[in-house]
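Survey of secondary and tertiary structure
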Amino acid sequence: MNEFVLNDSETDVDSDEELQEAFAKGILKPGLNEEIEKTVKTYVNNVAELKAKLKEIELKLPWIEKLDLITTVAPMAPDVALQIEETAQRRKNVKENSKGNQKYDPTQDPILNEFKRENLIHRQAQAAVIDGIKRLKDLNVPTRRPDDFFAEMAKSDEHMQKVRKNLMAKQAAQARTEKVRQLREQKKIAKKVQIDTKLKQAADKKHMLEQLKRVRKGKSTDLDFLEDNKGKGNNKANSKDPRAKVSKKRAMKDKKFGFGGKKKGSKLNTRDSTNQMDDFNSSAKKKPFNFKTKNFKPNNKKNQRPGKSKRRNAKR
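This one's a predicted model, so the numbers in the text were calculated from it and none came from an experiment.

Right, let's get into the overall build of the chain. Summing up its helical and strand segments, the chain has twelve helices and zero strands in all. For the chain, the residues scored as buried account for 7% of the 316 residues in total. Contacts in the chain between residues far apart in sequence, at least 24 positions, make up 45% of those at least 6 positions apart. Entry remark: accessible area of the chain is about 31,200 Å², with carbon and sulfur atoms responsible for 55%.

Encoded structure:
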């Protein structure tokens, strides 16, 4: 009995080789080896019945009871258009200057599209309000906006505070970045001016030394370049500007204290300053001082004794 059942089971169960042969011939299929009939669902767009149903459920009430409006979009304000353009340009700079060199497509920007969507809703609501007020005035229906009118916001105050903080943080970061950029530009300009000034000074010095070499070698006798270089530091005083005129007080201090440089020993008497008596006695200009006779009488050549040779020749 047991052998009969065993043999029966062996005949019913296919071996692995038979299954592989059947799969190769295409007899076996994936799944439970049972084909499932697929039913294709068809959608019917019965426009006539839909319009009939719409007329059936439509409320035939006056417009004042429904207040439904179908309007176009109001024109965009110039400042809003400029703001959208600046936002698009800023987003483009951020995307293209970031790592990866992404190509910016304004139609695929979610932030810019959200801004445009909100602006579109605002413009459509604006057009509906304008049209609705006009219709109410035509129907002689008074309209007035309450003083304490508040619209319920879709977002909570806590969420709007977070948005406000985020916007303020972005503005502060942008202002800080702009300030750093301006300081960097100013440093670059100052450094460039400093380098140009040093190069000009070096060129002038080189030119002066070359002319000085020519003078030393005897190739030139023109020393005007020394006067030119000396006068460069005092261009303001030599200019014809009336504001560059030196006051008397400044001139006296310059005469008394000088213009800087060596101070030690600058006021000591010399042989020339000792012999110069014009500032000491004004009469000395008319009566020259004679150091031999120590008087102010002018020397008279007629009263002078003749020389020895002249006296010897006179005796002969």
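There's plenty left to go through after this.
Okay, the packing of helix 5 (residues 78-97) against helix 6 (residues 110-138) next. Their axes nearest at 10 Å, the elements helix 5 and helix 6 cross at an angle of 170°. In this view, helix 5 runs roughly antiparallel relative to helix 6, as classed from their interaxial angle. Mapping the contact onto sequence places Val 80, Gln 83, Ile 84, Thr 87, Ala 88 and Arg 91 in helix 5 and Ile 111, Leu 112, Phe 115, Lys 116 and Asn 119 in helix 6. Residue composition of the contact of helix 5 with helix 6, by class: six nonpolar, three polar and two charged.

Taken together, Asp 16, Glu 17, Glu 18 and Glu 21 make up a surface patch of like negative charges. Within the element layout of this structure, Glu 18 appears in helix 2 (residues 16-25). A relative accessible area of 45% means that Glu 18 is categorised as partly exposed.

What follows is about the confidence of the model for the chain. Across the chain, pLDDT averages 78, with 74% of residues at or above 70. Element-level pLDDT for the chain is lowest in helix 1 (residues 2-12), with a mean of 45, against a maximum mean of 92 in helix 3 (residues 47-57).

As a further point, take the layout of surface pockets. Over the atoms, a rolled probe matching the size of one water molecule traces out where space is still vacant. Its boundaries defined by the atoms lining it, the largest pocket holds a volume of some 1,100 Å³. In terms of lining residues, the largest pocket is bounded by 20 residues, among which Thr 87, Arg 90, Ile 111, Leu 167 and Lys 170 are the most central. If you list the elements that add at least two residues to the lining of the largest pocket, you get helix 5, helix 6 and helix 7 (157-216). Considering every element that reaches the lining of the largest pocket, the biggest residue donor is helix 7, with ten residues. Its residues assigned to classes, the lining of the largest pocket comprises seven nonpolar, six polar and seven charged.

This paragraph deals with a positive patch on the surface. A cluster of basic residues, Arg 305, Lys 308, Arg 311, Arg 312, Lys 315 and Arg 316, forms a positive patch on the protein surface. Its place among the elements puts Arg 312 in helix 12 (residues 308-315). The exposure class of Arg 312 is partly exposed, given its relative accessible area of 47%.

Moving on to a nonpolar patch on the surface. A contiguous nonpolar surface patch, about 330 Å² in accessible area, is contributed by Met 153, Met 160, Val 163 and Leu 167. Here Met 160 is to be found in helix 7.

Take the environment of Arg 91 next. Among the secondary structure elements, Arg 91 is positioned in helix 5. Considering only alpha carbons, one finds Arg 91 and Ile 111, 20 residues apart in sequence, at a separation of 9.0 Å. Those residues in contact with Arg 91 that lie beyond four places of it in its chain are Tyr 104, Asp 109 and Ile 111.

It is worth spelling out unusual backbone geometry at this point. Even without a glycine there, the phi angle at Leu 67 is positive, about 55°. In this structure, Leu 67 sits in the loop between helix 4 (63-66) and helix 5. Overall, the relative accessible area of 48% leaves Leu 67 in the partly exposed class. Positive phi, normally seen in glycine, also occurs at Asn 140, with a value near 60°. Residue placement: Asn 140 occurs in the loop between helix 6 and helix 7.

Attention shifts here to helix 2. Burial runs low along helix 2: only one of the ten residues are buried. Positive backbone phi, at 90°, marks Gly 26, one or two positions downstream of helix 2.

So, about the environment of Asp 105. Considering the arrangement of structural elements, one finds Asp 105 in the loop between helix 5 and helix 6. Along the chain, Asp 105 and Arg 91 lie 14 residues apart, while their C-alpha atoms are 9.8 Å from each other. Here the side chain of Asp 105 touches Thr 107 through a polar contact of 2.9 Å, side chain to side chain.

Conventions we followed
- Residues numbered from 1 in each chain as written.
- Predicted model: local features only at pLDDT ≥ 70, side-chain atom pairs only at ≥ 80, totals over all residues.
- Heavy atoms only, no water.
- Helix = DSSP H or I, 4+ residues; strand = E, 2+ residues; numbered from the N terminus.
- Buried < 20%, exposed > 50% of the residue type's maximum accessible area, 1.4 Å probe, protein only.
- Contact = heavy atoms within 4.5 Å.
- Areas by Shrake-Rupley, 256 points an atom, 1.4 Å probe, with all protein chains shown as cover.
- Axes fitted to C-alpha atoms, helices over the stretch in contact; angles between N-to-C directions.
- Parallel < 35°, antiparallel > 145°, perpendicular 65-115°, else oblique.
- Nonpolar A, V, L, I, M, F, W, Y, C, P; charged D, E, K, R; others polar.
- Patch = residues over 30% accessible without salt bridge, like charges linked within 9 Å, V, L, I, M, F, W, Y side chains within 5 Å.
- Salt bridge = Lys/Arg side-chain N within 4 Å of Asp/Glu carboxyl O.
- Lys, Arg positive; Asp, Glu negative; His and termini not counted.
- Charge placed at Lys NZ, Arg CZ, Asp CG, Glu CD.
- pLDDT = per-residue confidence, 0-100.
- 1 Å grid on protein atoms, 1.4 Å probe; cavity = no way out; pocket = protein on both sides within 12 Å on 5 of 7 lines; lining within 4 Å.
- Points joined across faces, edges and corners; volume = space filled by probe spheres on them.
- Polar contact = N/O pair within 3.5 Å; in protein donor to acceptor, adjacent residues only side chain to side chain.

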